[in-house]
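# Structure at a glance
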Amino acid sequence: MKPFSNPPLHAGGRRPSVTATLLGIAVAAGLALTGVAAASLPLATAATTPPPTGWLHTSGGRILDSNNAPHTIKAASWFGMETPDCMPHGLWGTLTIDEALANIKSMGFNTVRLPFSNECLAATSIKGNLNYWANRAYALEGKTPLVLMDTVIARAKANGLQIILDRHRPSSADQSPLWYTSAYPESRWIADWKMLAARYKNDPTVIGADLHNEPAGAATWGGAAATDWQAAATRGGNAVLASNPNLLIIVEGIENQGNGTSTWWGGGLADVKNKPVTLATPNRVVYSPHDYPASLFAQKWFSDPSYPNNLPAVWDANWGYIQKQGIAPVLLGEFGTALQTTSDKQWMEKIVSYLGTNSMSFAYWSFNPNSGITGGLVQADWRTPEAAKLAALSPILTGTPTPTVTPSPTATATPSPTATATATATATPTPTPSPTASPAPTSGAPISAVWKLGSSWTGGYVANIEVTGLRAAPGWSVSWPDPNVTRVANSWGVTCTVLPKVSVTCSGSDWATKVAAGQKLSVGLQVDSLKAPVNPVLTLK
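These remarks concern the structure in this document.

## Examining the overall build of the protein chain
- Within the protein chain, the secondary structure is distributed over 10 helices and 19 strands.
- Every one of the 541 residues in the protein chain was classed for burial, and the buried ones make up 56%.
- For the protein chain, the exposed area adds up to about 20300 Å²; of that, 59% sits on carbon and sulfur atoms.

## Notes on the side chain of Gln-175
- Within the secondary structure, Gln-175 is located in the loop between strand E5 (162-169) and helix H6 (186-199).
- Only 3.1 Å separates the side chain of Gln-175 from the side chain of Glu-214, close enough to count as a polar contact.

## Some remarks on the packing of aromatic side chains
- For the structure on display, the rule yields 21 aromatic pairs.
- Look at Trp-315 and Tyr-354: their rings are 5.3 Å apart centre to centre, the planes differ by 65°, and that puts the pair in the edge-to-face class. Pair noted here: Trp-315 is in helix H8 (residues 311-324) and Tyr-354 is in helix H9 (residues 342-357), with a separation of 39 residues, a long-range link.
- Classification of Trp-315 as buried rests on a relative accessible area of 1%.
- What makes Tyr-354 buried here is its relative accessible area of 5%.
- Grouped by ring-pair contacts, the aromatic residues Trp-264, Tyr-292, Trp-301, Phe-302 and Tyr-307 constitute a single cluster.
- Seen from the ring of Trp-133, Arg-136 lies directly overhead, with NZ or CZ sitting 4.1 Å from the centre.

## Describing the sheet that holds strand E19 (residues 539-540)
- A sheet is described by the order of its strands in space; here 4 strands give the open sequence E16-E17-E14-E19, paired in antiparallel fashion. Because the sheet does not close on itself, it has two edges, and the strands there are strand E16 (494-499) and E19.
- As judged from the 2 bridges shared by strand E14 (residues 477-481) and E19, these two strands associate in the antiparallel manner. In the strand pairing of E19, Ser-479 is matched with Thr-539.

## Side note on the sheet that holds strand E7 (residues 248-252)
- Taken together, 8 strands build an open sheet; the order of strands is E8-E7-E6-E5-E4-E3-E10-E9 and the sheet is parallel. Strands with a single pairing partner mark the edges of an open sheet, and in this sheet they are strand E8 (285-288) and strand E9 (331-332).
- The strands touched by helix H7 (residues 229-243) are strand E6 (206-210) and E7; relative to E7, the strand with the most contacts, the crossing angle is about 165°.

## Comments concerning unusual backbone geometry
- Here Tyr-307 and Pro-308 are connected by a cis peptide whose omega angle stands at 10°.
- Tracing the sequence through the fold places Pro-308 in the loop between E8 and H8.
- With an omega of 0°, the peptide bond between Trp-365 and Ser-366 qualifies as cis.
- Within the element layout of this structure, Ser-366 appears in the loop between strand E10 (361-364) and helix H10 (387-393).
- Here Asn-68, not a glycine, exhibits a phi torsion of approximately 65°, which is positive.
- Mapped onto the secondary structure, Asn-68 falls in the loop between strand E2 (62-64) and strand E3 (74-77).
- Despite not being glycine, Lys-501 has its phi angle at roughly 60°, a positive value.
- Residue placement: Lys-501 occurs in the loop between E16 and strand E17 (503-508).

## Here's the deal with the environment of Ala-219
- Structurally, Ala-219 can be placed in the loop between E6 and H7.
- Not counting residues within four places of it along the chain, the set of residues in contact with Ala-219 comprises Pro-177, Leu-178, Thr-227, Ile-254 and Asn-256.

## Quick look at the nonpolar core
- Counting residues in each nonpolar core, the largest one holds 100 residues, and the members touching the most others are Met-149, Leu-165 and Phe-335.
- Discounting residues that sit within four places of it in the chain, Met-149 has contacts with Met-81, Leu-114, Phe-116, Leu-121, Leu-165, Leu-196 and Tyr-200.
- The next biggest cluster of nonpolar side chains, apart from the first, holds 27 residues, and it includes Ala-445, Tyr-461, Cys-496 and Val-504.

Conventions we followed
- Residues numbered from 1 in each chain as written.
- Predicted model: local features only at pLDDT ≥ 70, side-chain atom pairs only at ≥ 80, totals over all residues.
- Heavy atoms only, no water.
- Helix = DSSP H or I, 4+ residues; strand = E, 2+ residues; numbered from the N terminus.
- Buried < 20%, exposed > 50% of the residue type's maximum accessible area, 1.4 Å probe, protein only.
- Areas by Shrake-Rupley, 256 points an atom, 1.4 Å probe, with all protein chains shown as cover.
- Polar contact = N/O pair within 3.5 Å; in protein donor to acceptor, adjacent residues only side chain to side chain.
- Phe/Tyr/Trp six-rings, centres within 6.5 Å; stacked < 30°, edge-to-face > 60°.
- Lys NZ or Arg CZ within 6 Å of the ring centre and 35° of its normal.
- Pairing = 2+ DSSP bridges.
- Contact = heavy atoms within 4.5 Å.
- Axes fitted to C-alpha atoms, helices over the stretch in contact; angles between N-to-C directions.
- Core = buried A, V, L, I, M, F, W, Y, C linked by side-chain atoms within 4.5 Å.

None of this, on its own, says anything about what the molecule does.
Here it is as structure tokens:
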């Protein structure tokens, strides 16, 4: 999914196509309990029921753990490592990695789908405004995005979560309809996947490889080699399993199916029936369609007179049959909504019921609140749960969601890599302008500020603002001209207003409302605008 609003593409409109100490205590307690159980049971019984290793495999239409018990993946996507920031979003404020992961876990999820780009894998530094002080326990300053990925995975393990790695984009600039581009050929795609598979080979926290996000446009299932996603997924899957035979290989669908029908990007898997992906290592393939409501694109089935009762038949035809017929398991890789319209609410109720009735795995898009059109599982402060969405998801999550926040984490050692990424510099198609410091503040202004363009696309941009307190003040604001602005879609640490096609004004809010002398704040916003301003002059108050 595209994480930002960019009509008419999804996640902003789209064509048919988102503490070590406590851990030690818990582990010790678990071992003690295991010892008691072993002492009270015959040795033969204890030996036949070892704890699951964490690795998963498939059998027919089910995902199973190492003891062959059915397992349902319940994931939430936390995006950002596929963007020019090369870091999970939200870490620019006071949010820590552990706080975010603990929140996801408390909602009832057991897995995080972690998007990345090949460009970020090779980057020598984290590009976004990560708050290193808030996240000081992880010692990330001066480290690479790949080390940041190591840290997220290590902390996911500490929080009782597993990870699906999602190759969301080749470059950080945008998605690609095919698995390769001129700048990132298939050889690079495969080499990076082999590197990641080897890097986490001994860590069952990483359970799956989502080979390529949302094949679309010219992508086919069979046919010409240059567009044949089924054949490419076979090559990619075999390469990954050669490095780590324990991973699940997650294969998304295509937009334009062989039967002449079109659906969401990555959503069409009707061709699997006659041409499945068959890998050298059996019992590893999981098919992963994406599906969204009418607020993202008015697919023809939304105007059917029988809507929403027609939806299960649509899903059966496009991908549901795969699991129902025992061909392979299905993981609904993306689905999400702002849950604002009647149609979206009907869609949400139906798809949650469909997933629950069929015991299907899923990955919700997204944890992030800064996803255009869909929003996220938390509000703009990156902490407060979106209660209505969690209530709608509750039938397929465990128990009543009561998210909590974890205290400041203790440092966790980064796993030693077994391989390193190939550092191949690649120019980004749309370079980000160099940040410009604001002019000397007008008399009485309590702050200085630097405005930085985080990322941009046709129809919007993300800007980060670094604020420094010149004196203690109960409030502050920053304004700049934007002749193309229409609205502020999301913000963190600020509340913003716009004069359409004139200017944007943002005032400190939530944790950034007040500023102390010498204090540094990192806030930001997502703007709907035809073109991002270049080095705008700031007005400070």
